[in-house]
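# Understanding the architecture of this molecule
Now for the letters of each chain:
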Amino acid sequence: MFYSYCILFFIYSFLGWIMEVTLTLITDKKFVNRGFLLGPCCPIYGCGCILLNLLLHNYTNNILVLFILTMFTCSLLEYITSFLMEKIFKTINEQVEILKDKGLIIEDELEAKEILLRENYFFIMGYRHLFMSRNNKSKFISGTTFNEVYALFEFDRNFRNIIFKNALVIENQLKSVISYQLSKKYGYREKDYLNPKNFTQDHDKIKRVHDLINKMKRQIRINASSHNATIHYMNNYGYIPLWVLVKVLSFGIVCELFTILKKEDQIEVADIFGTTPEVLQDILIILSNYRNLCAHEDIVFEHRTERVIPDTKYHEEMNIPKMDGEYIYGKNDLFAVIIIFKILLNEKNFRLMMKEIEYEIELLDGRVDTIPISKVLDRMGFPENYIEIIDK
């Protein structure tokens, strides 16, 4: 019995290989070795044959049941095999072959292999979706090259750097403004500016106030002897002022700090940025989300947040179209971040940022031919007249 199964395994593995090679010759007009490693063998067909023999031999008298169970068993085997194959380690050569099997044109294999080794197959293929065929999601649009996918990868990296460095500008400014306002009003020693009475007395936020004060006290304990500025103040003055403490606080903690300020303090801070406390609170949460994405090198260009920014004058002035009464761009997408920067950055910094963005978009347009740049802009949430926001 064992030898019979072995013979069946190799026969059906070989027949499966013949079938797949023939199909590839018909569809792609070229020979592609569909075998496992280098041999003329597709083990999934051999395994399927043995599995069907073991599980379904009692149903040979009922053709309909046998057909349904065979279809279900083969589908399940195919699904499990494909899932496991995706998780199994692949060499660089195997990665290249996978991409070519999906219809991706690789003009310089040596360069592609170097890029895959240096940048990571998984990270680069996170940018494949815009290039996939509508009719077959497992195949690239005809004519798509590896260089085009990598161009989008590099575009997102450069865009991420632009967003990140400007988010750091806002972060530093927010820390400076909040520390100045609280120190001026409540004092500059920990016992002064961390007094719970200095924050909102809203019953629903009392726990958040105490939790955040404890977080800030913990940062004082951690950094009192490990950060140059905190060491200087502790050694010379015996305390750490808020304008020094904010240096070691995360952007998330500072954004949370704004939410527990008294209303009059929120108004003073928001006024400096030319907006309202409600708008500032909403946009800081979204900006913090994108800042963290940039810091961890996640895909940014097509990211969407759960929270949306309020409608602004920029949505109307740029004639952003609506769908079901809602603006389709600039709400929870990358263009919403641009609007946030328009609100928070000074005019000079915003103009410089937009010129950098315009350059990167034009550079990508010159490197990608398979899809129009408008498709990328749409995925980013950018209207085609995005650059006009500079002068709004």
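Below or above, wherever it landed, is the structure these notes cover. (Residues numbered from 1 in each chain as written. Predicted model: local features only at pLDDT ≥ 70, side-chain atom pairs only at ≥ 80, totals over all residues. Heavy atoms only, no water.)

## Some remarks on the overall build of the chain
Helix and strand counts for the chain stand at 18 helices and two strands. Here the C-alpha radius of gyration of the chain, 29 Å, is well above what a compact globule of 392 residues would show, namely 21 Å. Counting only residues that meet the buried cut, the chain has 41% of its 392 residues in that class. Partitioning the contacts of the chain with sequence separation of at least 6, the portion at a separation of at least 24 is 65%. Carbon and sulfur atoms make up 57% of the accessible area of the chain, which totals about 22200 Å². Taking the average place of the 46 positive charges on the side chains of the chain and the average place of its 50 negative ones, the gap between the two points comes to 6 Å. (Helix = DSSP H or I, 4+ residues; strand = E, 2+ residues; numbered from the N terminus. Rg over C-alpha atoms; globule rule 2.2 N^0.38 Å. Buried < 20%, exposed > 50% of the residue type's maximum accessible area, 1.4 Å probe, protein only. Contact = heavy atoms within 4.5 Å. Areas by Shrake-Rupley, 256 points an atom, 1.4 Å probe, with all protein chains shown as cover. Lys, Arg positive; Asp, Glu negative; His and termini not counted. Charge placed at Lys NZ, Arg CZ, Asp CG, Glu CD.)

## Quick word on the environment of Ile 390
With respect to the helices, strands and loops of the structure, Ile 390 is situated in the segment after helix H18 (373–380). The exposure class assigned to Ile 390 is buried, which follows from its relative accessible area of 6%. Sequence separation of Ile 390 and Phe 350 is 40 residues, and the distance between their C-alpha atoms is 7.5 Å. Once residues within four sequence positions are removed from consideration, Ile 390 is found in contact with Lys 342, Phe 350, Arg 351, Met 354 and Lys 355.

## Regarding the packing of aromatic side chains
All told, the structure shown has 14 aromatic pairs when counted by the stated rule. Ring centres 6.1 Å apart and planes at 75° place the aromatic pair Phe 159 and Phe 382 in the edge-to-face group. Of this pair, Phe 159 sits in helix H7 (residues 146–186) while Phe 382 is found in the segment after H18, placing the two residues 223 residues apart along the sequence. As far as the burial class goes, Phe 159 and Phe 382 line up, both buried. Both rings, one in Tyr 233 and one in Tyr 237, keep their centres 5.2 Å apart while their planes meet at 40°; by these two values the pair is tilted. What makes Tyr 237 partly exposed here is its relative accessible area of 47%. A network of ring pairs unites the aromatic residues Tyr 127, Phe 146, Tyr 150, Phe 153 and Phe 301 as a single cluster. A cation sits over an aromatic face here: Lys 322 above Tyr 327, 4.7 Å from the ring centre. (Phe/Tyr/Trp six-rings, centres within 6.5 Å; stacked < 30°, edge-to-face > 60°. Lys NZ or Arg CZ within 6 Å of the ring centre and 35° of its normal.)

## Here we look at the environment of Tyr 186
Positionally, Tyr 186 belongs in helix H7. With 12 residues separating them in the primary sequence, Tyr 186 and Asn 198 have C-alpha atoms 7.2 Å apart. Setting aside chain neighbours within four positions, we find Tyr 186 in contact with Asp 192, Tyr 193, Asn 198, Lys 262 and Asp 265. Side chain to side chain, Tyr 186 and Asp 265 meet in a polar contact 2.7 Å long. (Polar contact = N/O pair within 3.5 Å; in protein donor to acceptor, adjacent residues only side chain to side chain.)

## Describing empty space enclosed by the protein
Considering all chains together, one arrives at one cavity of 30 Å³ or more under this definition. Taken as a whole, the largest cavity spans an internal volume of roughly 40 Å³. In terms of lining, the largest cavity is formed by Ile 106, Glu 107, Asp 108, Glu 111, Ala 112, Ile 115, Phe 146 and Asn 147. Listed by contribution, the elements that provide at least two residues to the lining of the largest cavity are helix H5 (109–119) and H7. Per-element tally for the lining of the largest cavity: the top contributor is H5, with three residues. A class-by-class count of the residues in the lining of the largest cavity yields four nonpolar, one polar and three charged. (1 Å grid on protein atoms, 1.4 Å probe; cavity = no way out; pocket = protein on both sides within 12 Å on 5 of 7 lines; lining within 4 Å. Points joined across faces, edges and corners; volume = space filled by probe spheres on them. Nonpolar A, V, L, I, M, F, W, Y, C, P; charged D, E, K, R; others polar.)

## Focus on the packing of helix H9 (residues 206–223) against helix H12 (residues 251–259)
As a packed pair, H9 and H12 sit with axes 10 Å apart at the nearest point and diverge in direction by 145°. The two elements H9 and H12 meet at a crossing, and its hand is left-handed. Contacts between H9 and H12 involve Arg 208, Leu 212, Lys 215 and Met 216 on the former and, on the latter, Ile 253, Glu 256, Leu 257 and Thr 259. Residues of the contact of H9 with H12, tallied by class, amount to four nonpolar, one polar and three charged. (Axes fitted to C-alpha atoms, helices over the stretch in contact; angles between N-to-C directions. Left-handed = near helix turned anticlockwise from the far one by under 90°.)

## Quick notes on the environment of Leu 69
Here Leu 69 lies in helix H3 (residues 63–87). Distance in space between the C-alpha atoms of Leu 69 and Arg 218 is 62 Å, their sequence separation being 149 residues. If sequence neighbours within four positions are ignored, Leu 69 has contacts with Leu 56 and Tyr 59.

## Some points on unusual backbone geometry
Look at Asn 120: it is not a glycine, yet its phi comes out positive at around 90°. Assignment of secondary structure puts Asn 120 in the loop between H5 and helix H6 (121–124). Its identity as a non-glycine residue notwithstanding, Asn 319 has a phi of 55°, on the positive side. Tracing the sequence through the fold places Asn 319 in the loop between helix H15 (313–317) and strand E1 (322–323).

## Digging into the nonpolar core
With 101 residues, the main nonpolar core has Phe 146, Ile 338, Phe 341, Ile 357, Val 376 and Phe 382 as its most contacted residues. If you tally residues by element for this core, the top one is H7, at 17 residues. Setting aside chain neighbours within four positions, we find Phe 382 in contact with Phe 159, Tyr 329, Leu 334, Phe 335, Ile 338, Ile 357, Ile 361 and Leu 377. (Core = buried A, V, L, I, M, F, W, Y, C linked by side-chain atoms within 4.5 Å.)

## Overview of H18
When we look at burial in H18, the residues that qualify are Ile 373, Val 376, Leu 377 and Met 380. Seen end-on, H18 carries its buried residues on one side only, within an arc spanning 100°. The inward-facing, buried residues of H18 abut H7, helix H16 (334–344) and helix H17 (347–367). Just downstream of H18, Gly 381 is the residue with a positive phi angle, here 85°. (Arc of directions from axis to C-beta.)

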